[in-house]
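Each chain, letter by letter, is given below.
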Amino acid sequence: MSKYNAVTPELISELENILGSRYVSTDPDKLEVYKTDEEANPKYHHLPEVVIFPGNAEEVAAVIRLANKYIVPVTPRGAGTGLAGGAIPVFGGIVLVLDRLDKIIEINEDSLYVTAQAGVRTSVIQEEAKKRGLLYAGDPCSSESCQIGGNVATNAGGNRAIKYGTTRDQVYIVEVVTPQGDIVSLGSRLAKKSTGYALEQLLVGAEGTLGIVTQVTLKLKPLATHSMDLLAIFTDIDKALSLPNKIVKAGITPTSMEFMDNKAIQSCARYLKIDLPYTDKKGVYVIVTLEGFNEDDVDQQTAIVDELCTEVGAAEVLVADEERVWKARRNFAEAARADSLVYYAEDIVVPVDKISDLMKKLPELENKYGIATTTAAHIGDGNIHVNALKMNIPDEVWNDTLGEFHKELYGFIYSLGGRLSGEHGIGSKKIKEMELFTNPLELKIMKAVKSALDPQNILNPGKIFN
């Protein structure tokens with residue numbers, strides 16, 4: 001473990017000289033706000049010693065140079081919507097909040113790109129692109145509140161990843177403040193490039209451990225003019241999970257394919273106070289979104305998917321309306337929080353053809369460990385979100401039981417060829433599991449990269465690995 005110094009009055013004074021006293025706070029109430037992200041379990045909470053709000057990349061760089069001088073850790077933070085503890089200041093020190101970097105620099109409609117600062121909300125980029133008949137394809141479920149810098153840091157996925165890929169696939173250029181306080185732009189606005197290491201891709205998904213993203217240039221696409229959302233309801237989960245590969249083999253690439261198990265449907269119905277079809281008939285949902293630029297083409301795709309759903313055994317195929325079905329899917333996490341304030345949001349990922357194996361394993365683990373779960377998934381890319389709920393279990397028992405549950409669950413995931421995270425990241429919550437299940441040589445390479453770029457381990461320590 002790195003040895004860090006405490007934040008001193010001298011350091012506070014230098015921070016105020018860089019940022020202005022208005023943007024430097026040691027107020028206890030303010031520090032309390034930044035001890036966690038979306039994590040409610042106090043086991044993971046850590047108070048920072050000071051919270052700062054830089055206004056540009058130059059100020060961020062000056063702060064990082066100062067942190068190296070004083071050997072004080074810095075935890076970068078976007079909107080705090082993370083679920084893996086990536087923005088929690090594990091070793092105290094400085095929390096560096098990027099809220100003030102909130103400007104869209106350029107939207108180029110002809111060349112199809114947008115340049116935005118790290119603190120711009122993802123939904124704002126989506127809305128500004130849509131006004132121009134364009135699409136920003138990154139679409140994490142928290143897009144209304146999350147920031148684009150955080151999306152880049154975690155390689156956020158979301159509902160459209162099956163067709164357009166994750167955030168990594170949307171990135172042309174990232175402007176980054178390095179762990180030693182330099183500012184560099186990585187990447188280029190090119191369709192292909194084989195000129196040394198793809199460093200911009202390395203920074204995407206590094207969870208703020210290799211640099212602080214201050215600005216990003218993203219790809220835009222033409223906005224589809226026609227779309228259809230189908231809800232296929234199944235009472236046999238294996239039949240439901242056979243659908244994704246059949247749709248792809250039919251030559252159709254949906255924009256999204258989402259899954260909800262019956263417990264998730266019931267949870268969302270309670271939370272939203274709405275009626276959802278087949279809630280009481282053990283129904284499970286597969287939501288398929290089809291898009292295109294020609295109405296006939298979308299109609300043809302819809303007919304094929306409808307036929308495939310019926311062939312594999314769907315009880316009903318309906319239109320997935322925005323006010324009920326999609327609203328339920330988007331409120332999956334909020335519904336879990338309403339059921340249990342403390343819960344663990346899993347973000348496991350497996351090959352698409354192995355999802356059914358996982359879903360069969362979950363009831364066995366629930367019964368063995370006495371943990372209730374609800375499950376939703378991006379089944380087009382194998383990313384499964386299992387919410388493990390703390391229901392009437394004392395804290396100490398919950399933490400111990402959860403550890404055993406995870407050990408068996410993650411071991412099974414890796415036996416299927418899966419991994420710990422598809423889009424949320426490792427953060428501070430899955431470090432032990434990362435060390436346990438990752439190939440030691442792979443870990444050695446990661447640690448060597450971190451050590452080379454951040455020799456004093458200043459930037460976001462206590463994340464991904466020790």
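Residues numbered from 1 in each chain as written. Predicted model: local features only at pLDDT ≥ 70, side-chain atom pairs only at ≥ 80, totals over all residues. Heavy atoms only, no water.

Taking an unreviewed UniProt entry as the reference, the protein is identified by name as FAD-linked oxidoreductase belonging to Sporomusa acidovorans.

Undergrad: Explain the pairing of strand E9 (residues 183-187) residue by residue, including any values.
TA: Here strand E8 (residues 171-177) runs beside E9; their pairing, made up of five bridges, is antiparallel. Bridge assignment links Val 174 to a residue of E9, and that residue is Leu 186. What sits between E8 and E9 in their antiparallel hairpin is a turn of five residues, with Gly 181 showing a positive phi close to 95°. (Pairing = 2+ DSSP bridges. Helix = DSSP H or I, 4+ residues; strand = E, 2+ residues; numbered from the N terminus.)

Undergrad: Explain the nonpolar core to me, and be specific about the residues and the numbers.
TA: With 54 residues, the main nonpolar core has Phe 234, Val 286 and Leu 409 as its most contacted residues. For this core, the element with the most residues is helix H15 (residues 395-415), which contributes seven residues. Apart from the residues lying within four places of it in its own chain, the contact partners of Phe 234 are Lys 239, Ala 240, Leu 243, Lys 282, Gly 283, Val 284, Val 286, Cys 309, Val 312, Gly 313, Ala 314 and Ala 315. (Core = buried A, V, L, I, M, F, W, Y, C linked by side-chain atoms within 4.5 Å. Buried < 20%, exposed > 50% of the residue type's maximum accessible area, 1.4 Å probe, protein only. Contact = heavy atoms within 4.5 Å.)

Undergrad: Account for the sheet that holds E9, naming residues and giving values.
TA: Think of a sheet as strands paired side by side through backbone hydrogen bonds, with each pair either parallel or antiparallel. Sheet architecture is open: five strands sit in the order E5-E6-E10-E8-E9, paired in antiparallel fashion. Edge positions in the open sheet fall to strand E5 (104-108) and E9, since each of these has one partner strand only. Between one strand axis and the next, the sheet turns by 15° as a mean value, whatever way the strands run. For strand E6 (residues 113-117) and strand E10 (residues 212-219), the ladder comprises five bridges, and the chain directions are antiparallel. When the sheet's bridge partners are listed, Val 114 is paired in E10 with Leu 218. Here helix H3 (residues 57-70) sits on the sheet and contacts E8, E9 and E10; the angle it forms with E8, its principal contact strand, is near 45°. Running at roughly 30° to E5, helix H4 (residues 122-131) makes contact with E5, E6 and E10 of the sheet. (Axes fitted to C-alpha atoms, helices over the stretch in contact; angles between N-to-C directions.)

Undergrad: Explain the pattern of salt bridges to me, and be specific about the residues and the numbers.
TA: For the structure shown, the criterion picks out 21 salt bridges. The partner of Asp 102 in a salt bridge is Lys 103, and the shortest N-O contact between them spans 3.8 Å. Classification of Asp 102 as partly exposed rests on a relative accessible area of 45%. (Salt bridge = Lys/Arg side-chain N within 4 Å of Asp/Glu carboxyl O.)

Undergrad: Explain a negative patch on the surface to me, and be specific about the residues and the numbers.
TA: Among the surface-exposed residues, Glu 295, Asp 296, Asp 297 and Asp 299 lie close enough to one another that they form a single negatively charged patch. Take Asp 296: it is sitting in helix H11 (residues 295-312). Looking at Asp 296, the relative accessible area reads 58%, which means it is exposed. (Patch = residues over 30% accessible without salt bridge, like charges linked within 9 Å, V, L, I, M, F, W, Y side chains within 5 Å. Areas by Shrake-Rupley, 256 points an atom, 1.4 Å probe, with all protein chains shown as cover. Lys, Arg positive; Asp, Glu negative; His and termini not counted. Charge placed at Lys NZ, Arg CZ, Asp CG, Glu CD.)

Undergrad: Quick rundown of a nonpolar patch on the surface? Include the residues and the values.
TA: Among the surface-exposed residues, Tyr 197, Leu 199, Leu 202 and Leu 453 lie close enough to one another that they form a single nonpolar patch of about 410 Å² accessible area. Tracing the sequence through the fold places Leu 453 in helix H17 (residues 440-453). Under the relative-accessibility criterion, Leu 453 is labelled partly exposed at 35%.

Undergrad: Requested: an account of the UniProt feature "domain: FAD-binding PCMH-type" (unreviewed entry) in the protein, with residues and values cited.
TA: On the UniProt side, "domain: FAD-binding PCMH-type" (unreviewed entry) is annotated at positions that read residues 44-223 here. In residues 44-223, the share of helix is 22% and the share of strand is 25%. The end C-alpha atoms are 41 Å apart. (UniProt positions renumbered as here; feature names shortened; annotations may be inferred.)

Undergrad: Report on the side chain of Thr 375, specifying residues and quantitative values.
TA: Note that Thr 375 resides in strand E18 (residues 372-378). When neighbours within four sequence positions are excluded, Thr 375 is seen to be in contact with Phe 259, Met 260, Asp 261, Ala 264, Phe 332, Met 359, Leu 362, Ile 384, His 385 and Val 386.

Undergrad: Kindly report on empty space enclosed by the protein, identifying the contributing residues and their values.
TA: Per the counting criterion, the structure on display carries three cavities of 30 Å³ or more. The calculated volume of the largest cavity comes to roughly 90 Å³. What lines the largest cavity is Glu 38, Glu 39, Ala 40, Asn 41, Leu 83, Arg 337, Leu 341, Val 342, Tyr 343, Ala 345 and Lys 429. (1 Å grid on protein atoms, 1.4 Å probe; cavity = no way out; pocket = protein on both sides within 12 Å on 5 of 7 lines; lining within 4 Å. Points joined across faces, edges and corners; volume = space filled by probe spheres on them.)

Undergrad: Tell me about the packing of aromatic side chains, and name the residues and values.
TA: Here the distance between the centres and the angle between the planes together describe a pair of aromatic rings. Following the criterion strictly, the structure yields five aromatic pairs and no others. Summarising the aromatic geometry, the rings of Tyr 34 and Phe 53 are spaced 6.2 Å apart at their centres and angled 70° between planes, so their arrangement reads as edge-to-face. One end of the pair, Tyr 34, is in the loop between helix H2 (28-33) and strand E2 (50-52); the other, Phe 53, is in the loop between E2 and H3, with 19 residues separating them in the sequence. We note that Tyr 34, like Phe 53, is buried. Look at Tyr 410 and Phe 437: their rings are 6.3 Å apart centre to centre, the planes differ by 90°, and that puts the pair in the edge-to-face class. A residue pair is termed long-range when its members are at least 10 positions apart, and Tyr 410 in helix H15 and Phe 437 in helix H16 (residues 431-437) qualify at 27 residues. (Phe/Tyr/Trp six-rings, centres within 6.5 Å; stacked < 30°, edge-to-face > 60°.)

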